[in-house]
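Here's the letter readout for the chains.
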Amino acid sequence: MSLPGSTVDTPPTRVTPGSSARAHLFTSGSVERYRRVLADGIERVATRVAGAERPFTGVTPDELAPRIAGIDLDEPLGGTEAALDELQDVYLRDAVYFHHPRYLAHLNCPVVIPALLGEAVLSAVNSSLDTWDQSAGATLIERRLIDWTAERIGLGPDADGIFTSGGTQSNLQAMLLAREEACARATGAPGARPTRPQLLSRLRILTSAAGHFSVQKAAKLLGLGADAVVTVPTDADRRMDVAELSRELDRCRRDGLLVMAVVATAGTTDFGTVDPLPPIAERCAAAGVWLHVDAAYGCGLLVSPTRRHLLDGIERADSVTVDYHKSFFQPVSSSALLVRDRRVLRHATWHADYLNPARAVTQRIPNQVDKSIQTTRRFDALKLWLTLRIMGPDAVGALFDEVLDRAADVWRLLTEDPRFEVVTRSPLSTVVFRYLPAGPGRLLADEANLYAREALAASGAALVAGTRVDGAHHLKLTLLNPETTLDDVAHVLDLIAGHASRYVRTRTAAELSCPVA
Ligand SMILES: *Cc1c(COP(=O)(O)O)cnc(C)c1O
């Protein structure tokens, strides 16, 4: 232990590396370096983004891996400039740029600048959101944003929630809370007391065939049986079929199974479809089952000036997942879990003497670790805070609306184009389709679409995603960039048709000249 006036703070007499290492610490003495180094980094990113003509260079793992493997991590370059030059070579040049209007693949958004400002501030101050004594105002700011989101959803006066790292974590925590509530109910009921293992094996989660795989992962992590997640079939629009849901709820009851949660998806990852929330909420209320709404994708509708009604019914959920890093134009990570009844968050509470003793509760010291499955936790909420304070929610909603309008135009474009077949009209921003070769080439549809996607990615001209629909390979556009024009998409469709038809021509020619025995 050091006493005031002890020599512990005197710099070591050795010249290196101790004293020069100190200069890298962000302290009151190094703010000039902080300004300079961060400005240099920002300049590199700005230059790269300004010069991005394509979303991707098409670099392959084989090209990139030796460059990264060849770096000796025990031999520092010594300076920021040299490290940034190297970073340009191993990362910045070949990264995937969601900022580019022809990035059309996954649920990645371009990010708003107020959130980038938040990111820079939050990592420099480095608050940790577990306890008040590591965060102060950050805890209160996060709480305000949770309340704001819960109010937008309409969860009522007892609502609460917590920021998380992403939809996967939000869904996991929701399933943890639902499991604990179901177990508490089952062991509290009159009659025979099942043991915990007996209970866990009887628990079921119902979600649609288009639900997110993180629900399966959560079930596994929560010790449920391998058959715990029951897939409810979807209707022709790939929304959860409510009649099938009712049948499944009845069947589970008959079979002595306990449905611990129904997970409805408000914005399926593959199709951008929204499950019919009001009748699902109706069935859940009648059966006394926890309703979780996974709105990781569709949460942007909460601020949409024209389409908020697509989430009607979400206010009846027991818990809701939102991913601000999908439709609020926030950088990764930024997500939250909201709950209707703040008391259920106690299932995530553990009192540790060193951190959050039970006495802190009686002292009414605000404390987020009691609601979270993380301990040390980033102040990701600051990004959304600055976004709301600088732009406001309507501006964010208007950006999302623009994307949804564009997706509707793209869907129309595709339905009118005989080269393609399009499936499931999404109220959000996903368009699933495939190139359909004419004539006998039709048998090559799967391979042609796979090939087109890979060839497009290798060229770096655009990125689209792929998925399987009823066993057949399809292509998927997920629009999240308001700067993507209909012309951009039309151009990408021409590129896809070009790659796919070339594939079909080559294959057919090869098979004609060299018939397979
Ligand atoms: C993206 C997504 C998730 C997972 O969220 P992450 O933030 O990637 O962990 C869960 N559910 C749905 C519907 C999603 O689209």
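Residues numbered from 1 in each chain as written. Predicted model: local features only at pLDDT ≥ 70, side-chain atom pairs only at ≥ 80, totals over all residues. Heavy atoms only, no water.

S.K.: Before we go on, may I ask you to explain the overall build of the chain in this structure?
M.R.: On a plain count of helices and strands, the chain comes out with 17 helices and 11 strands. A globule of 517 residues ought to have a C-alpha radius of gyration of about 24 Å, and the chain, at 26 Å, matches this closely. Principal-axis analysis of the C-alpha atoms gives the chain an extent of 90 × 70 × 50 Å. Evaluated residue by residue, the chain yields a buried proportion of 48% over its 517 residues. For the chain, contacts bridging at least 24 residues in sequence account for 73% of all contacts bridging at least 6. When the accessible area of the chain is evaluated, it comes to approximately 25200 Å², of which 57% is carbon and sulfur surface. Within the chain, one finds 56 positive and 62 negative side-chain charges whose respective centroids are separated by 4 Å. (Helix = DSSP H or I, 4+ residues; strand = E, 2+ residues; numbered from the N terminus. Rg over C-alpha atoms; globule rule 2.2 N^0.38 Å. Buried < 20%, exposed > 50% of the residue type's maximum accessible area, 1.4 Å probe, protein only. Contact = heavy atoms within 4.5 Å. Areas by Shrake-Rupley, 256 points an atom, 1.4 Å probe, with all protein chains shown as cover. Lys, Arg positive; Asp, Glu negative; His and termini not counted. Charge placed at Lys NZ, Arg CZ, Asp CG, Glu CD.)

S.K.: Hey, could you run me through the packing of helix 5 (residues 113-125) against helix 14 (residues 381-390) in this one?
M.R.: Between two packed helices, the angle of one axis relative to the other and the distance separating the axes together describe the packing. Orientation of helix 5 relative to helix 14, taken along the N-to-C sense of each, is 140°, at an axis distance of 7 Å. Classed by the angle they form, the pair helix 5 and helix 14 counts as oblique. Judged by the sense of rotation from one axis to the other, the crossing of helix 5 with helix 14 is right-handed. Of helix 14, the residues touching helix 5 (which contributes P114, A115, L117, G118, E119, V121 and L122) are L382, K383, L386, T387 and I390. (Axes fitted to C-alpha atoms, helices over the stretch in contact; angles between N-to-C directions. Parallel < 35°, antiparallel > 145°, perpendicular 65-115°, else oblique. Left-handed = near helix turned anticlockwise from the far one by under 90°.)

S.K.: I would appreciate a short explanation of the pairing of strand 4 (residues 258-265) in the present structure.
M.R.: Along any regular strand, the residues point their side chains to alternate faces of the sheet. Of all 8 residues that make up strand 4, 7 are buried, and the element is covered over most of its length. With 5 bridges connecting them, strand 2 (residues 203-208) and strand 4 associate as parallel partners. Residue T207 lies in a different strand from strand 4, and its bridge partner there is V263. Relative to strand 5 (residues 291-295), strand 4 runs parallel, the two sharing 4 bridges. Within strand 5, the residue paired with V263 across the bridge is H292. (Pairing = 2+ DSSP bridges.)

S.K.: Which parts of the structure should I look at to understand the site of the ligand?
M.R.: Around the ligand there are 15 residues in total, and G167, T168, D294, D323 and K326 lie nearest to it. Contacts to the ligand include D294, whose side-chain N or O atom sits 2.6 Å from a nitrogen atom. Between an oxygen atom of the ligand and a side-chain N or O atom of D323, the distance comes to 2.7 Å. Those elements that provide at least two residues to the shell around the ligand are helix 7 (167-188) and helix 12 (324-327). At 3 residues, the largest contribution of residues to the shell around the ligand is made by helix 7. Looking at side-chain class alone, the shell around the ligand contains 2 nonpolar, 10 polar and 3 charged residues. (Near = heavy atom within 4 Å. Polar contact = N/O pair within 3.5 Å; in protein donor to acceptor, adjacent residues only side chain to side chain. Nonpolar A, V, L, I, M, F, W, Y, C, P; charged D, E, K, R; others polar.)

S.K.: Just checking my understanding: could you explain the side chain of S214 for this structure?
M.R.: You can see S214 is positioned in helix 9 (residues 214-221). A polar side-chain atom of S214 sits 3.1 Å from a polar atom in the side chain of N171. Polar contacts involving the side chain of S214 include one to the side chain of H212, which spans 2.7 Å. Those residues in contact with S214 that sit more than four places away from it in its chain are T168 and N171.

S.K.: Before we go on, may I ask you to explain helix 9 in this structure?
M.R.: Note on helix geometry: an α-helix contains 3.6 residues per turn, so any two residues three or four positions apart are oriented the same way. Buried within helix 9 we find S214, V215, A218 and A219. Buried residues of helix 9, viewed axially, fall in a sector of 145°; they line one side. Opposite its buried face, helix 9 presents the exposed residues K220 and L221, each directed more than 90 degrees away. As for helix 9, its buried residues are in contact with helix 7, strand 2, strand 3 (229-232) and strand 4. (Arc of directions from axis to C-beta.)

S.K.: Would you mind showing me how to read the environment of K217 here?
M.R.: Checked against the element boundaries, K217 lands in helix 9. Of the residues examined, K217 reaches a relative accessible area of 47% and is grouped as partly exposed. Counting along the chain gives 49 residues from K217 to T168, while the straight-line C-alpha distance between them is 8.6 Å.

S.K.: For this particular structure, what's the right way to read the sheet that holds strand 9 (residues 430-435)?
M.R.: Note: strands within a sheet are paired through backbone hydrogen bonds, in either parallel or antiparallel orientation. Spatial ordering of the open sheet is given by 8-9-11-10, a layout of 4 strands whose pairing is antiparallel. Either end of the sheet is taken by a strand with one partner, and the two such strands are strand 8 (420-423) and strand 10 (465-469). The sheet shows a mean angle of 40° between the axes of neighbouring strands, direction not considered. The pairing of strand 9 with strand 11 (residues 472-478) spans 4 bridges and is antiparallel. Bridging from a neighbouring strand, T430 pairs with T478 of strand 11.

S.K.: Just checking my understanding: could you explain the pairing of strand 7 (residues 335-339) for this structure?
M.R.: Most of strand 7 is tucked away: 5 of the 5 residues are buried. Taken together, the 5 bridges between strand 1 (residues 160-164) and strand 7 define a ladder with antiparallel strand orientation. From the neighbouring strand, F163 faces strand 7, where its bridge partner is A336. Inspection of the sheet shows strand 6 (residues 319-323) paired to strand 7 by 5 bridges, in the antiparallel sense. Residue pairing for strand 7: V320 is matched across the bridge by L338.

S.K.: Explain the pattern of salt bridges to me, please; I cannot follow it from the model alone.
M.R.: Pairs can form between side chains of opposite charge once their charged atoms are near each other. Under the criterion given, the structure shown has 37 salt bridges. A salt bridge links D94 to R93; its shortest N-O distance comes to 3.9 Å. On the accessibility criterion, D94 (9% relative accessible area) is buried. When its relative accessible area of 33% is taken as the criterion, R93 is described as partly exposed. Close ionic contact of R204 with D227 constitutes a salt bridge, the shortest N to O distance being 3.7 Å. Here R204, found in strand 2, pairs with D227, found in the loop between helix 9 and strand 3; they are 23 residues apart in sequence, far enough to count as distant. Take D227: its relative accessible area is 49%, and that puts it in the partly exposed class. Salt bridges sharing partners connect three or more residues here, namely R67, D89, R93 and D94. (Salt bridge = Lys/Arg side-chain N within 4 Å of Asp/Glu carboxyl O.)

S.K.: How should the sheet that holds strand 3 be read in this particular structure?
M.R.: Taken in spatial order, the 7 strands make up an open sheet running 1-7-6-5-4-2-3, and their pairing is mixed. Only two strands of the sheet have a single partner each, and these edge strands are strand 1 and strand 3. Strand after strand, the sheet turns through a mean of 20° between neighbouring axes, direction not considered.

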